[in-house]
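Residues per chain are reported as follows:
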Amino acid sequence: MHKRNIWAGMLTAIVLSLLISSCKTVKEYQKNKINDAEMELSARKVEKGENSFQTYSEGASGANGGKVGGGCGCN
Amino acid sequence: MRKIFLTVVGSFLLFLNSFSQSAADSTSEYHSPDLKLEEANLVTNYYSQTGNHSAITGGIGTQQVNDFSNIVELRYIRWGMMDRKITMDFDLGIDHHTAASSAYVSKSGASKTGGTRVYPSANWQIENNEKRTTFGLGAALSFEYTYHSYSLNAIYSKHSIDKNTEFSARANVFMDAVKMIYPSELRPVTSAVTSASSGGGSPTIPSKLRSTFATSFTFSHVINKNMQVALIGDVVAQGGYLGLPFHRVYYSNKSVGIEKLPDSRFKLPVGVRFNYFAGDKVIFRTYYRYYVDSWGISAHTASIEAAVKITPFLSVSPFYRYYTQTTSDYFAPKYGKPVGVTYFTSNYDYSAFDANYEGINLRYVPLNGVFGIKNLSMIELRYGHYGQTTGLVANNISLNLRFK
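Residue positions within a chain follow its written sequence, with the count starting from 1. For naming, the first written chain is A and the first written ligand is 1, with later ones following in the order written. At least 70 in pLDDT is required for a residue's local features to be given in this predicted model, at least 80 for side-chain atom pairs to be given and counted, and no such filter applies to totals for whole chains, interfaces and linings, which use all residues.

Here we look at the overall build of chain B
Then comes step 1: Check the secondary structure of chain B and you find one helix and 20 strands.
Then comes step 2: Of all 404 residues assigned to chain B, the portion counted as buried reaches 30%.
Then comes step 3: Contacts here follow a simple rule: the backbone-placed C-beta atoms of the two residues must lie within 7 Å. Long-range pairs, those at least 24 residues apart, make up 58% of the contacts in chain B between residues at least 6 apart in sequence. Secondary structure follows DSSP: runs of H or I at least 4 residues long count as helices, runs of E at least 2 residues long count as strands, and numbering of each begins at the N terminus. Whether a residue is buried, exposed or partly exposed is read from the other C-beta atoms within 10 Å of its own C-beta, which are placed from the backbone; 20 or more gives buried, 12 or fewer gives exposed, and intermediate counts give partly exposed.

Written out as structure tokens, the structure is:
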């Protein structure tokens with residue numbers, strides 16, 4: 001129960017800090033670093049193969065834009 | 001308690017407010033309505049693994065696998081009515097693998113060890129700049145000898161006026177068919193049905209259905225000039241035949257059977273991606289995921305990658321990923337459960353284990369094209385070494401060529 005409270009607290013803190021900071025605007029001309037290709041909030045295309053073998057050889061999948069269980073004889 | 005409640009409600013209103021600002025003046029830039037190829041990607045991957053816990057032979061036996069895959073992705077764009085951007089993606093993937101354990105689907109070890117999977121897909125998206133929304137539809141197929149899959153997806157997203165915040169929702173439906181190929185000594189007489197009534201005369205192998213309904217929600221936000229974050233949550237429900245018929249289990253009385261798993265599964269993965277541009281040359285890409293499902297597995301995944309820009313065009317990124325999971329309620333090793341038990345698998349993917357994955361990523365995006373080839377705008381090479389505490393060891397190497 002104690003562990004669960006810690007996780008819930010951490011998640012709440014992250015979400016609240018994000019929402020509160022949404023008042024601050026980063027202008028388009030300030031986004032040269034944010035727009036760098038390696039700052040993309042998704043897996044790289046070149047990671048497709050490793051995401052696939054991890055889905056096949058591990059019990060967990062999902063929450064990374066990749067497979068979640070359908071479409072292959074995997075987990 | 002009341003303070004916490006008011007804080008949460010207030011924060012939610014702030015969140016809504018970030019989407020409700022008035023629209024900015026749109027630019028009058030001309031966009032051609034003609035369809036044009038914007039980008040093409042070729043992703044090639046070679047994977048090799050060894051281990052000694054094959055599910056085909058009941059949890060003991062070679063897991064030697066080699067897989068070579070190629071994916072071609074074509075992205076076309078055009079501008080439709082009201083200056084709406086339309087994107088069309090066409091992908092085609094072909095994998096060829098050899099799995100040593102497949103030989104032991106037949107008890108003599110004479111079954112074929114190779115297989116090919118072909119998986120085309122098509123996706124269409126339209127962006128509405130006035131409403132700041134994107135809507136898309138897609139379809140995908142996957143064919144291999146033992147498994148066929150048909151899927152549809154839909155996506156909706158909306159971003160804030162300053163493009164610092166975006167929410168997206170995706171829904172996927174998979175309708176899959178598992179060919180019922182049993183180990184040779186366990187093949188029921190009825191598994192080879194003669195299709196003489198349809199005029200064929202050749203034996204056909206029956207299939208069982210598996211369906212998957214998946215929704216994914218992503219909230220992404222630019223925190224400041226150097227940081228951005230995404231929260232990702234999936235809700236996945238599966239039904240139908242969720243095992244594989246050629247996976248053996250050995251009961252405690254030494255008799256053999258095929259794995260038995262429930263006909264439903266509910267999965268809940270939630271993840272966070274956080275990227276940070278430190279100084280002018282280093283980007284930290286981090287990811288964490290917590291996963292829990294109705295079969296008793298819970299798992300943590302954490303990864304970090306440091307992309308170091310050696311020059312503005314070349315980056316080198318060492319990476320590390322750690323994974324740990326608890327065992328499924330239905331897993332037991334060979335001879336681990338008595339005859340008559342409702343569910344039993346000796347597939348070590350469902351056992352408790354830790355895994356480490358480390359490697360390096362090279363990315364080269366020169367101004368005048370890779371090797372002087374003007375249309376080859378980017379090359380990316382990635383190598384990783386993977387090891388599980390079950391003894392499974394793998395190496396993976398990937399190449400991405402981007403043409404513009």
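So that's the structure; there's more coming.
Considering the overall build of chain A
Then comes step 1: Check the secondary structure of chain A and you find two helices and zero strands.
Then comes step 2: Across the 75 residues that make up chain A, the buried fraction comes to 39%.

Examining the interface of chain A and chain B
Then comes step 1: Contacts between the two partners involve 38 residues from chain A, matched on the other side by 72 residues from chain B.
Then comes step 2: Among the elements of the structure, α1 (2-21) and α2 (48-57) of chain A are those that each provide at least two residues to the side of chain A that touches chain B.
Then comes step 3: Each residue gets one of three labels, nonpolar for Ala, Val, Leu, Ile, Met, Phe, Trp, Tyr, Cys and Pro, charged for Asp, Glu, Lys and Arg, and polar for the others, Gly among them. When the residues that make up the side of chain A that touches chain B are grouped by side-chain class, the tally is 15 nonpolar, 14 polar and nine charged.

Thoughts on the nonpolar core
Then comes step 1: By size, the foremost hydrophobic cluster in this structure holds 22 residues, and its most contacted members are I297, A299, Y330, A355 and A394 of chain B.
Then comes step 2: Among the nonpolar cores identified, the runner-up in size contains eight residues, and A55, I56, V105 and F246 of chain B belong to it. For this analysis, nonpolar core means a set of buried Ala, Val, Leu, Ile, Met, Phe, Trp, Tyr and Cys residues linked through C-beta atoms within 7 Å.

A short note on the pairing of strand β5 (residues 133-144) of chain B
Residue and element names in this part refer to chain B.
Then comes step 1: We call two strands paired when DSSP finds no fewer than two bridges between them. Sheet analysis places strand β4 (residues 114-128) next to β5, joined by nine bridges and oriented antiparallel. Paired with N123 across the strands is G138, a residue of β5.
Then comes step 2: The antiparallel hairpin formed by β4 and β5 contains four residues in its connecting segment, where R132 sits at a positive phi of about 60 degrees.
Then comes step 3: Here β5 runs beside strand β6 (residues 147-159); their pairing, made up of twelve bridges, is antiparallel. Looking across to β6, one finds that T133 is bridged to K158.
Then comes step 4: A loop of two residues connects β5 with β6, the two strands running antiparallel in sequence.

Comments concerning α2 of chain A
Side chains three or four residues apart in an α-helix point the same way, a direct result of the helix having 3.6 residues per turn.
Then comes step 1: Of all ten residues making up α2 of chain A, seven are buried, and the element is well covered by its neighbours.
Then comes step 2: Three or more residues of α2 of chain A are buried, namely G49, E50, S52, F53, Q54, T55 and S57 of chain A.
Then comes step 3: For α2 of chain A, the elements touching its buried residues are β1 (36-50), β2 (65-79), β19 (376-388) and β20 (393-403) of chain B.

A look at the pairing of β2 of chain B
Residue and element names in this part refer to chain B.
Then comes step 1: In this sheet, β2 lies alongside β1 in antiparallel orientation, the contact comprising 13 bridges. What sits directly across from Q49, in β2, is V65.
Then comes step 2: Relative to strand β3 (residues 85-99), β2 runs antiparallel, the two sharing 15 bridges. Across the sheet, the residue bridging to I77 is T87, located in β3.
Then comes step 3: Taken together, β2 and the strand that follows it, β3, pair antiparallel across an intervening segment of five residues, in which M82 is found at a positive phi of about 60 degrees.

Some thoughts on the environment of Q388 of chain B
Residues and elements named next belong to chain B.
Then comes step 1: Turning to its location among the elements, Q388 is positioned in strand β19.
Then comes step 2: Note on Q388: 22 C-beta atoms within 10 Å, which makes it buried.
Then comes step 3: Sequence-distant contacts of Q388, that is, excluding residues within four places in its chain, are made with F353 and A355.

Some remarks on the confidence of the model for chain B
Then comes step 1: Taken residue by residue, chain B gives an average pLDDT of 89. The fraction at 70 or more is 90%.
Then comes step 2: Confidence drops under a pLDDT of 50 for residues 1-26 of chain B, and excluding neighbours within four residues, the segment shows 21 contacts in the predicted structure. Every residue is assigned a pLDDT by the predictor, reflecting its confidence on a scale from 0 to 100.

Section: unusual backbone geometry
A negative phi angle characterises most non-glycine residues, just as the trans form characterises most peptide bonds.
Then comes step 1: In this structure, A63 of chain A takes a positive phi of about 55 degrees despite not being glycine.
Then comes step 2: With respect to the element layout, A63 of chain A can be found in the segment after α2.
Then comes step 3: We note that K163 of chain B has phi near 60 degrees; this positive angle belongs to a residue other than glycine.
Then comes step 4: By secondary structure assignment, the location of K163 of chain B is in the loop between β6 and β7 (165-179).

Considering the environment of N123 of chain B
Residues and elements named next belong to chain B.
Then comes step 1: With respect to the helices, strands and loops of the structure, N123 is situated in strand β4.
Then comes step 2: The sequence separation of N123 and D91 amounts to 32 residues, and the corresponding C-alpha distance is 8.7 Å.
Then comes step 3: Once residues lying within four places of it in the same chain are set aside, the contact partners of N123 are D89, G136 and G138.

Remarks on the environment of N226 of chain B
Then comes step 1: Residue placement: N226 of chain B occurs in the loop between β10 (207-224) and β11 (227-240).
Then comes step 2: For the pair N226 of chain B and F277 of chain B, spaced 51 residues apart in the sequence, the C-alpha separation amounts to 5.0 Å.
Then comes step 3: Among all residues touching N226 of chain B, those that are not within four sequence positions of it are K33 of chain A together with Y276 and F277 of chain B.

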